[in-house]
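Descriptive structure summary
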Amino acid sequence: MPADRLRVDVEGRPLEVSNLDKVLYPAAGFTKGEVIDYYTRIAPVLLPHLRDRPLTRIRFPNGVDGNSFFEKNKPAATPDWVRTETLPAPGSSKGRETIDYVVCDDLPTLVWLANLAALELHTPQWKVGEHPDMMVVDLDPGAPAALKQCCQVALLMRDRLAEDGIDSYPKTSGKKGMQLCCPVDGSRSSDDVSAYARRIAQELERAHPKLVVSKMAKNLRPGKVFIDWSQNNAAKTTVAPYSLRAQPVPSVSTPLTWDEVAAGAAGRRPATKPYTAGEVLRRVEASGDLLAPILDGGPALPDG
């Protein structure tokens, strides 16, 4: 076997990992081996958020400064023990009627994906064969607005959703914005969830026109936070909590407490810089999975 390849056993599954010293985050000197180590160590809190969801990966075989590609279909030479699900592919850019998705239910699959330099992991708001069990609201700041303003809008959105009995749990995107994850009972279609999220976004836009925009047109966004309700479309995906992001440093989509969001709204961290892999591992060691409650399900969306 070549010197840059290593055979390992992960929970009884044979795997070959390679090029562990290859630097995937040049500005930080963060290697492929460190990517695999991060995903192995974060797996206990990450895997429950991936389980039963078709996975879209963004792969960076030559690191974050090199070319990347989205991958929905299972790659060639996918091990036979990796779970795959054949699902419809509406609007496929390649004209496919179906896609053979990878579903990451276990640690061996996660390590296999990390070895393929699948740095970013994205999931839909639904599990295979089910209606959405989560509503996600993406908060995207238009410069000069930044994460501080996202935190301010997150607090407004939290309070408005609470009026309808909907709990919300914040996380950073790992880039410039953030998301709110809201568990729902799975009784409504993706179209219904999108329509509800859009209605709430429009309400907040009317109430706070200098801070919030609900329309997608980019010329309306400068200095405001776009509440992207369309993330709930059945064909859309959102970066998974604890996923790495392709930034100069190995930043992570990081669950937050509402106290941290309030601090961010006042101009303190997390409004300054994203959390990195090492910091997130320490946060989880100290506080566990701040998003664990969304795994227990939620209420029905209100009518109307």
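Residues numbered from 1 in each chain as written. Predicted model: local features only at pLDDT ≥ 70, side-chain atom pairs only at ≥ 80, totals over all residues. Heavy atoms only, no water.

Per an unreviewed UniProt entry, the recorded name for the protein chain is Bifunctional non-homologous end joining protein LigD, and the organism is Micromonospora krabiensis.

It is worth spelling out the overall build of the protein chain at this point. Regarding its fold elements, the protein chain presents six helices and 15 strands. Radius of gyration (C-alpha) of the protein chain: 19 Å, near the 19 Å computed for a compact globule of 304 residues. Its C-alpha atoms give the protein chain principal-axis dimensions of about 65 × 40 × 35 Å. Out of the 304 residues in the protein chain, the part that is buried amounts to 52%. (Helix = DSSP H or I, 4+ residues; strand = E, 2+ residues; numbered from the N terminus. Rg over C-alpha atoms; globule rule 2.2 N^0.38 Å. Buried < 20%, exposed > 50% of the residue type's maximum accessible area, 1.4 Å probe, protein only.)

Moving on, we get to the sheet that holds strand β12 (residues 178-183). Spatially, the five strands line up as an open sheet ordered β11-β12-β10-β14-β13, and their pairing is mixed. Bordering the open sheet on either side are β11 (169-172) and β13 (212-213), each of which pairs with just one other strand. One ladder, built from two bridges, connects β13 with strand β14 (residues 225-228); its direction is parallel. Of the residues in β14, the one forming a bridge with V213 is F226. Packing against the sheet, helix α3 (residues 147-163) makes contact with β10 (134-141), β12, β13 and β14, and its axis sits at approximately 20° to β12. (Pairing = 2+ DSSP bridges. Contact = heavy atoms within 4.5 Å. Axes fitted to C-alpha atoms, helices over the stretch in contact; angles between N-to-C directions.)

Moving on, we get to helix α1 (residues 32-50). Along its 19 residues, α1 runs just 21 Å from first to last C-alpha, ending more than 12% under the 27 Å computed at 1.5 Å per residue. If you look at α1, its biggest bend is around 75°, right at A43, and the proline P44 turns up within four residues after that. Looking at α1, one finds that the buried residues are K32, V35, I36, Y38, Y39, I42, A43, V45, L46, L47, H49 and L50. Count one or two residues on from α1 and you reach D52, which has phi positive near 70°. (Expected span 1.5 Å × (residues − 1). Bend = angle between axes of the 7 residues up to and from the residue.)

Grouped together as the largest cluster of nonpolar side chains are 76 residues, with contacts concentrated most on Y38, Y39 and I42. Among the elements that make up this core, the one with the highest residue count is α1 (ten residues). There are two domains that each give this core at least three residues, and those are domain 1 (5-123) and domain 2 (134-236 + 246-274). Counting six residues, the second largest nonpolar core, distinct from the first, contains M134, C181, L291 and I294. (Core = buried A, V, L, I, M, F, W, Y, C linked by side-chain atoms within 4.5 Å. Domains from an automatic or database assignment.)

Position of R57 among the secondary structure elements: in strand β5 (residues 54-59). Overall, R57 belongs to the buried group, its relative accessible area being 0%. Polar contacts involving the side chain of R57 include one to the main-chain carbonyl oxygen of L55, which spans 2.8 Å. Looking at R57, its side chain comes within polar contact range of the main-chain oxygen of N73, at 2.9 Å. (Polar contact = N/O pair within 3.5 Å; in protein donor to acceptor, adjacent residues only side chain to side chain.)

Take T123: it is sitting in strand β9 (residues 118-123). Taking relative accessible area as the criterion, T123 reaches 6% and is therefore assigned buried. Sequence separation between T123 and R57 is 66 residues; the distance between their C-alpha atoms is 8.9 Å. Ignoring any residue separated from it by four or fewer positions in sequence, one finds T123 in contact with L50, R53, P54, L55, T237 and T238.

Right, let's get into the packing of α1 against helix α2 (residues 107-115). Contact pair α1 / α2: the axes reach a minimum separation of 9 Å and the direction vectors enclose 140°. When the interaxial angle is binned, α1 and α2 end up oblique. α2 is crossed by α1, and the crossing has right-handed handedness. Along the contact surface, α1 presents K32, V35, I36, Y39, T40, A43, L46, L47 and L50, while α2 presents L107, L110, V111, A114 and N115. (Parallel < 35°, antiparallel > 145°, perpendicular 65-115°, else oblique. Left-handed = near helix turned anticlockwise from the far one by under 90°.)

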